[in-house]
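Results of the structural survey
Spelled out from the first residue to the last, the chains are:
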Amino acid sequence: MTRGVVAAGVICAFSLNASAQTLKEFISTALEKNYQIRILRNEEQIASNSNTLGNAGFLPSLGIDGTGSYSLNNIRQGYSDGSSRTGNNASNFSASAQALVDWTLFDGFYVRAKRKQLGVLEQMGRTNAKFYIEQTVADIATSYNQLIYEQQLLSNYQKSMQISAYRLSIEKKRKEVGSGKGIDYAQALVDYQTDSMRYLAQQNAIQTLKIELNRILNNGLEDELNVTDEEFKIYPLAEKDSLLASIKASNQQLEQQRLAELIAESDLRMAKADRYPTINLFAGYKFTDTYSAVGFFKTNLNYGPTMGASISFNLYNGGKTNVAIKNSRAYAENATLSKEQVNHNLDADVLKFYGQYVSVLERVQLAKSNVAESRKVYDIAEQQLRQGTINGYDFRLTQLTLLESQLSLMQLQYTLKTIEINLIRVAGKAVEMYLQ
């Protein structure tokens, strides 16, 4: 049993080094294959396609239309002089065609507000894509470093299991030669099996994390994923004031709110446009030809250019315009309030994350010292175990103390890395930092 579990650990250790990938490779795969990123890029393209002069209403419209009809009618016509005219199955034919250009010369500045809004919507499409990409890069960086952390735990548990196996072998030999106690052997066996269960559970946790990573990357869910890094790479952070300034310039969520405010302002201007008259110009060419077997005119042909202007002004529509303007003002105010709220929350997040980063960085140094001291104590206890001057219970306590100090250091280092990623994400620098 002992050999089987240890062998499994060795096999797993070797598999971790097969086909390893860097963080940059993980991110590049996600940016190429992630479903949501591809959807957002299409939406960005749609917003760009929509931002044209014609779609805003600046350009005139040109249309050509024509009609034709033929009928057979029974006709009886009476005139004021007492005469009459009749016809059975009298044929009637008419045809008309026209080409007309129509251009809105003035519509209360609606077109200009619409044009500006389309430009902002195009920017919003780019910003939405950038925002999600930043979030995805940060999520992948977090998952990548979590995988490093989980594999560090697995390695730590494997070493602990090997130590327990070594202690079990010593107790077994002592029992066989009659110098050991049965209870010491039984306790060593229980401790070894406990360490083995923890090791196996950690293997399952890593497999679950890899499935989630494959989902984000849009890989096959059972594809093998391994990382090249075995330790956390901690990047130096800028000063607090510099981080806050970076947020104002680069945070995509804040940019989204700023653009939403501009869109709301455009909606208000378009609602106000209904209070102004609309002036249209039109010009074209018309052709009409009519034939009637019975009537005053046998044929009637008209053709030639036509042009003119029209003006319309809404005097009253049940107060709908006033309601639309009031609602647009409220939406614009909400957009401004949302921007201020996001700005305030981002400042709070940076201050919290930065304070946590400084605190955890100090604790990491203390944890490293604890690991070094625990290692010294463990080395002494291991020597005493070989010599038989320490019992298995006391050795186990020493082993657990070393394990806990190592786990504490790894947890703090992972927490430090997570805080770093969150700060870089909030600052809008995740792509720049992790895709270098």
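These numbers come from a predicted model, not from an experiment. (Residues numbered from 1 in each chain as written. Predicted model: local features only at pLDDT ≥ 70, side-chain atom pairs only at ≥ 80, totals over all residues. Heavy atoms only, no water.)

Some thoughts on the sheet that holds strand E3 (residues 84–106)
Formally: Any two strands are treated as partners once DSSP identifies two or more bridges connecting them. Here a strand is any run of E in DSSP of at least two residues, a helix any run of H or I of at least four, and the numbering for each starts at the N terminus. Think of each axis as a best-fit line through the C-alpha atoms, taken over the contacting stretch in the case of a helix, with angles from 0 to 180 degrees between the N-to-C directions.
Strand order across the open sheet formed by 4 strands is E2-E3-E5-E6, with antiparallel pairing between neighbours. The open sheet has two edge strands, strand E2 (61–78) and strand E6 (299–312), and neither has a second partner. Averaged over all pairs of adjacent strands, the angle between strand axes in this sheet comes to 20°, irrespective of strand direction. By the bridge criterion, 14 bridges tie E3 to strand E5 (residues 278–292) in an arrangement that is antiparallel. By the bridge assignment for E5, Ala 99 is matched with Tyr 285.

Focus: helix H3 (residues 35–50)
Filter applied, for reference: Here the expected span of a helix is defined as 1.5 Å times the quantity of residues minus one. Only heavy atoms matter for contacts: two residues are in contact if any of them lie within 4.5 Å across the pair.
Between its terminal C-alpha atoms H3 stretches 23 Å, which fits the 22 Å expected from 16 residues at 1.5 Å a residue. Contact partners of the buried residues in H3: helix H2 (23–33) and helix H5 (110–177).

Brief notes about the pairing of E3
Along a regular strand, successive side chains alternate from one face of the sheet to the other. Across 17 bridges, E2 lies against E3 in antiparallel orientation. Within the sheet, the bridge partner assigned to Tyr 70 lies in E3 and is Phe 93.

Concerning the environment of Asp 274
Short version of the rule: Burial classification: accessible surface area is computed with a 1.4 Å probe over protein chains only, and a residue below 20% of its type maximum counts as buried, one above 50% as exposed, and the rest as partly exposed.
Within the secondary structure, Asp 274 is located in the loop between helix H8 (252–272) and E5. Classification of Asp 274 as partly exposed rests on a relative accessible area of 43%. Along the chain, Asp 274 and Thr 194 lie 80 residues apart, while their C-alpha atoms are 77 Å from each other. If we skip the residues at most four places from it in the chain, Asp 274 touches Asn 314 and Thr 321.

With respect to the pattern of salt bridges
Our working definition: The rule for a salt bridge is simple: a side-chain nitrogen of Lys or Arg has to be within 4 Å of a carboxyl oxygen of Asp or Glu.
Counted according to the given criterion, the structure contains 17 salt bridges. Arg 198 serves as the salt-bridge partner of Asp 195, at 2.8 Å between the closest nitrogen and oxygen. Of this pair, Asp 195 and Arg 198 both sit in helix H6 (residues 182–217), 3 residues apart, roughly one helical turn. Residues joined by salt bridges that share partners form a network here, namely Arg 167, Asp 191, Asp 195, Arg 198 and Arg 396.

Details of the packing of aromatic side chains
This is how the line gets drawn: Centres within 6.5 Å make a pair out of two Phe, Tyr or Trp rings, where for Trp the six-membered ring is used; the pair is then stacked when the planes are under 30 degrees apart, edge-to-face when over 60, and tilted otherwise.
Under the criterion given, the structure shown has 8 aromatic pairs. Pairing Phe 106 with Tyr 276 gives two aromatic rings, centres 6.3 Å apart and planes at 85°, and the pair type is edge-to-face. Remark: Tyr 276 occurs in the loop between H8 and E5 and Phe 106 occurs in strand E3; sequence separation between them is 170 residues. Residue Tyr 276 is classed as partly exposed on the basis of its relative accessible area, which comes to 41%. Relative to Tyr 276, the ring of Phe 109 has its centre 6.0 Å away and its plane inclined at 80°; by these criteria the two rings are edge-to-face. Taken together, the residues span a long stretch of sequence, with Phe 109 in the loop between E3 and H5 and Tyr 276 in the loop between H8 and E5 at a distance of 167 residues.

With respect to a nonpolar patch on the surface
Heads up, the condition is: Each patch groups residues whose relative accessible area exceeds 30% and which form no salt bridge, using 9 Å between like charges and 5 Å between nonpolar side chains of Val, Leu, Ile, Met, Phe, Trp and Tyr. The Shrake-Rupley method, run with a 1.4 Å probe, gives the accessible areas here. Residue values count only the displayed protein chains as cover.
A contiguous nonpolar surface patch, about 430 Å² in accessible area, is contributed by Tyr 285, Phe 287, Leu 301 and Tyr 303. Those elements that provide at least two residues to the nonpolar patch are E5 and E6. Within the secondary structure, Leu 301 sits in strand E6.

A look at the packing of H2 against H3
The cut-off we apply is this: Comment on the angle field: the value is read as roughly parallel under 35 degrees, roughly antiparallel over 145, roughly perpendicular from 65 to 115, and oblique elsewhere. Nonpolar residues are Ala, Val, Leu, Ile, Met, Phe, Trp, Tyr, Cys and Pro. Charged residues are Asp, Glu, Lys and Arg, and all others, Gly as well, are polar.
With their axes 6 Å apart at the nearest point, H2 and H3 run at an angle of 50° to one another. Between H2 and H3, the interaxial angle falls into the category oblique. Contacts between H2 and H3 involve Ala 30, Leu 31, Glu 32 and Lys 33 from the former and Tyr 35, Ile 37, Arg 38 and Arg 41 from the latter. Here the contact of H2 with H3 is built from residues that sort into 4 nonpolar, no polar and 4 charged.

A word on the environment of Tyr 35
The cut-off we apply is this: As used in this structure description, the phrase polar contact means that two N or O atoms lie within 3.5 Å; if the pair is within protein, one of them must be able to donate a hydrogen and the other to accept it, and residues adjacent in sequence are counted only when both atoms belong to side chains.
Relative to the assigned elements, Tyr 35 resides in helix H3. Taking C-alpha positions, Tyr 35 is 57 Å from Ser 94, a pair spaced 59 residues apart along the chain. Of the polar contacts made by the side chain of Tyr 35, one reaches the side chain of Asn 218; its length is 3.4 Å.

Some details on the environment of Tyr 70
With respect to the element layout, Tyr 70 can be found in strand E2. A sequence separation of 195 residues divides Tyr 70 from Glu 265, and the C-alpha atoms of the two residues are 54 Å apart. Leave out the neighbours within four places in its chain, and Tyr 70 touches Ser 91, Asn 92 and Phe 93.

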